[in-house]
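# Topology and contacts: notes
Okay, here's what each chain looks like letter by letter:
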Amino acid sequence: MTVVTETPAGRRLTGRPRVHVTRRLVPAVEARMAELFDVTLNTDDRPLSREEMVAAMRDCDVLVPTVTDRITGDIIAEAGDRIGLIANFGAGTEHIDLSAARQRKIIVTNTPGVFTDDTADLAMMLILSVPRRLGEGSRLVRDGGWTGWAPTAMLGHCLGGKRLGIVGMGRIGQAVAHRARAFGLDVVYHNRHRLPPSIENMFGARYEPDLEMLIAEADILTLHCPSGPHTRQLLNAARLATMKPEAYVINTARGDLIDEEALIAALQEGRLAGAGLDVFAHEPDVDRRLIDLPNVITLPHLGSATIEGRSHAGEKIIANIRFWVDGHRPPDQVLEGWA
């Protein structure tokens, strides 16, 4: 595959585009990349240091990072003139300084939509598991503490008729609402913009413009909004204090949406019934207090961890690179911050 585009500095590239992938991808995707591009793969599958990231960007036409890579403005400033495309693995781009990329005329793409069902499935699993105390029950059996069935043992809460508060009603939030309806949950959502009535009717969802009201009245609160300055620690101590003591918090979006110290305090003091967390504020470090709480399910960021989803994301990345190489606008170009 021959490059026919030019770098931001105006140098015409010849031969196959040089692509640097920061983490291991599924074998079929890596094999296809090797066929099409001059690709450097991360066979050790360890996060690159800042110095390694700068070196990689200076030596490639296309960088393929993941959500664990921080592509800051100062790194982009040191990247040199060769790189022209950052083809991100994943939909979220909060780890990339889009403004700095725009200033350097580096195009940024992502992989929207491919993990919607996978993440919604996992969120629904936590919505089912936490109120029924499945994590606690599994530990009880595993640790040999189960003494048999009893009428009052391991009582949780049923789902039917409970109010599910969804914060963020994009693709994933809507997919969760679709699943929740089948379990008889009363779906209420908050979003920057209200959805059309036809979509609300499809999911049996009611719009709540007041986020404070939604949080206070939810029996189960699930977060599906992006990370950013306006959503960081969205669920803070003040808002947690308004929640019902029998309510549950589910987070499969981004760890920094929740004030973890405040969440831990609420759980330890019995002001919250439980939580299901797939993401954390300081990944991969997880606060031991969360792990030790019996009413919390902690998962290692499994939302998108399916073979099918990860393969589809890799195929989208390849398509975006090929469009860029052919001199066309990539189908998944991120336009935030672009003029």
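Please read all numbers here as calculations on a predicted model, not as lab measurements.

What counts, and where the lines are drawn
- Residues numbered from 1 in each chain as written.
- Predicted model: local features only at pLDDT ≥ 70, side-chain atom pairs only at ≥ 80, totals over all residues.
- Heavy atoms only, no water.
- Helix = DSSP H or I, 4+ residues; strand = E, 2+ residues; numbered from the N terminus.
- Rg over C-alpha atoms; globule rule 2.2 N^0.38 Å.
- Buried < 20%, exposed > 50% of the residue type's maximum accessible area, 1.4 Å probe, protein only.
- Salt bridge = Lys/Arg side-chain N within 4 Å of Asp/Glu carboxyl O.
- Axes fitted to C-alpha atoms, helices over the stretch in contact; angles between N-to-C directions.
- Parallel < 35°, antiparallel > 145°, perpendicular 65-115°, else oblique.
- Left-handed = near helix turned anticlockwise from the far one by under 90°.
- Contact = heavy atoms within 4.5 Å.
- Nonpolar A, V, L, I, M, F, W, Y, C, P; charged D, E, K, R; others polar.
- UniProt positions renumbered as here; feature names shortened; annotations may be inferred.
- Arc of directions from axis to C-beta.
- Core = buried A, V, L, I, M, F, W, Y, C linked by side-chain atoms within 4.5 Å.
- Phe/Tyr/Trp six-rings, centres within 6.5 Å; stacked < 30°, edge-to-face > 60°.
- Lys, Arg positive; Asp, Glu negative; His and termini not counted.
- Patch = residues over 30% accessible without salt bridge, like charges linked within 9 Å, V, L, I, M, F, W, Y side chains within 5 Å.
- Areas by Shrake-Rupley, 256 points an atom, 1.4 Å probe, with all protein chains shown as cover.
- Pairing = 2+ DSSP bridges.
- Right-handed = clockwise from strand over helix to strand, strands pointing away.

Moving on: the overall build of the chain. In terms of helices and strands, the chain carries 13 helices and 12 strands. Its C-alpha atoms give the chain a radius of gyration of 22 Å, near enough to 20 Å, the size a compact globule of 339 residues would have. Referenced to the eigenvectors of the C-alpha coordinate spread, the extents of the chain come out at roughly 75 × 50 × 30 Å. Expressed as a percentage of the 339 residues in the chain, the buried residues total 48%.

Here we take up the pattern of salt bridges. Enumeration according to the criterion identifies 28 salt bridges in this entry. Taking the shortest distance from any N to any O, the salt bridge between Asp143 and Arg142 comes out at 3.5 Å. Each member of the pair, Asp143 as well as Arg142, carries the same accessibility label: exposed. Members of the salt-bridge network, linked through shared partners, are Arg18, Asp38, Asp59, Asp61 and Arg82.

Quick look at the packing of helix H5 (residues 116–129) against helix H7 (residues 171–182) now. Taken N-terminus to C-terminus, the directions of H5 and H7 make an angle of 50°; their axes are 9 Å apart at the nearest point. One finds that H5 runs oblique with respect to H7. Every pair of crossing elements has a handedness; the one defined by H5 and H7 is right-handed. In contact with Thr116, Asp117, Thr119, Ala120, Asp121, Ala123, Met124 and Ile127 of H5, H7 contributes Arg171, Ile172, Ala175, Val176, Arg179 and Ala180. Here the contact of H5 with H7 is built from residues that sort into 8 nonpolar, 2 polar and 4 charged.

Now for the UniProt feature "domain: D-isomer specific 2-hydroxyacid dehydrogenase catalytic" (unreviewed entry) in the chain. Within this structure's numbering, the places UniProt gives as "domain: D-isomer specific 2-hydroxyacid dehydrogenase catalytic" (unreviewed entry) are residues 35–334. The span residues 35–334 is 36% helix and 13% strand, and its two end C-alpha atoms sit 26 Å from each other.

Listed as buried for helix H2 (residues 50–58) are Met53, Val54, Ala56 and Met57. When H2 is viewed along its axis, its buried side chains cluster within an angular range of 160° and face the same direction. Set apart from the buried face of H2 by more than 90 degrees, the exposed residues are Glu51 and Arg58. Of the surrounding secondary structure, the elements contacted by the buried residues of H2 are strand S1 (18–21), strand S3 (62–64), helix H3 (73–77) and strand S4 (85–87).

We now examine the nonpolar core. Soluble globular proteins tend to bury their nonpolar side chains together. If you look at the biggest cluster of nonpolar residues, it comprises 30 residues, and the most contacted ones within it are Leu221, Met243 and Leu272. The biggest single contributor to this core is helix H11 (residues 260–268), with 5 residues. Not counting residues within four places of it along the chain, the set of residues in contact with Met243 comprises Ile215, Leu221, Leu235, Tyr248, Val249, Arg271 and Leu272.

This next bit is on the environment of Leu267. Residue position: Leu267 is located in helix H11. As for Leu267 and Asp219, which are separated by 48 residues in sequence, their C-alpha atoms are 15 Å apart. Not counting chain neighbours up to four residues away, the residues in contact with Leu267 comprise Leu272, Gly274, Ala275, Leu290, Leu293, Asn295 and Val296.

Interaxial distance between helix H1 (residues 27–36) and helix H13 (residues 307–325) falls to 9 Å at its minimum, and their mutual angle equals 15°. In terms of axis orientation, H1 runs roughly parallel to H13. The crossing of H1 and H13 is right-handed. Contact residues: Val29, Arg32, Met33 and Leu36 in H1; Ser311, Gly314, Glu315, Ile317, Ile318 and Arg322 in H13.

Turning our eyes to something else, we now look at the packing of aromatic side chains. Centre-to-centre distance and the angle between the planes together describe a pair of aromatic rings. According to the stated counting rule, one finds 2 aromatic pairs in the structure shown. Pairing Phe89 with Phe115 gives two aromatic rings, centres 6.1 Å apart and planes at 50°, and the pair type is tilted. Residue Phe89 is found in the loop between S4 and helix H4 (98–103), and its partner Phe115 is found in the loop between strand S5 (107–109) and H5; the two are separated by 26 residues along the sequence. The exposure classification of Phe89 matches that of Phe115, with both residues buried. Where Tyr189 meets Tyr207, the ring centres are 5.2 Å apart and the plane angle is 50°; that geometry is what we call tilted. Here Tyr207 lies in strand S8 (residues 205–207) and Tyr189 lies in strand S7 (residues 186–190), a separation of 18 residues in the sequence.

Relative to the helices and strands, Asp118 resides in helix H5. Salt bridges are absent for the buried Asp118, whose nearest opposite-charge side chain, Arg310, sits at 7.2 Å.

A grouping of Val141, Trp146 and Trp149 is seen on the molecular surface, where their side chains present a nonpolar patch of about 450 Å² in accessible area. On the secondary structure map, Trp146 appears in the loop between helix H6 (134–142) and strand S6 (163–167). The exposed category is assigned to Trp146, whose relative accessible area is 54%.

Burial of strand S11 (residues 274–277) is two-sided: the residues Gly274 and Gly276 facing one way and the residues Ala275 and Leu277 facing the other way are all buried. One ladder, built from 4 bridges, connects strand S10 (residues 248–251) with S11; its direction is parallel. Within the sheet, the bridge partner assigned to Asn251 lies in S11 and is Leu277. With H11 bridging S10 and its parallel neighbour S11, the resulting β-α-β unit is right-handed. Pairing between S11 and strand S12 (residues 296–298): 3 bridges, direction parallel. The residue of S12 that forms the bridge with Gly276 is Ile297.

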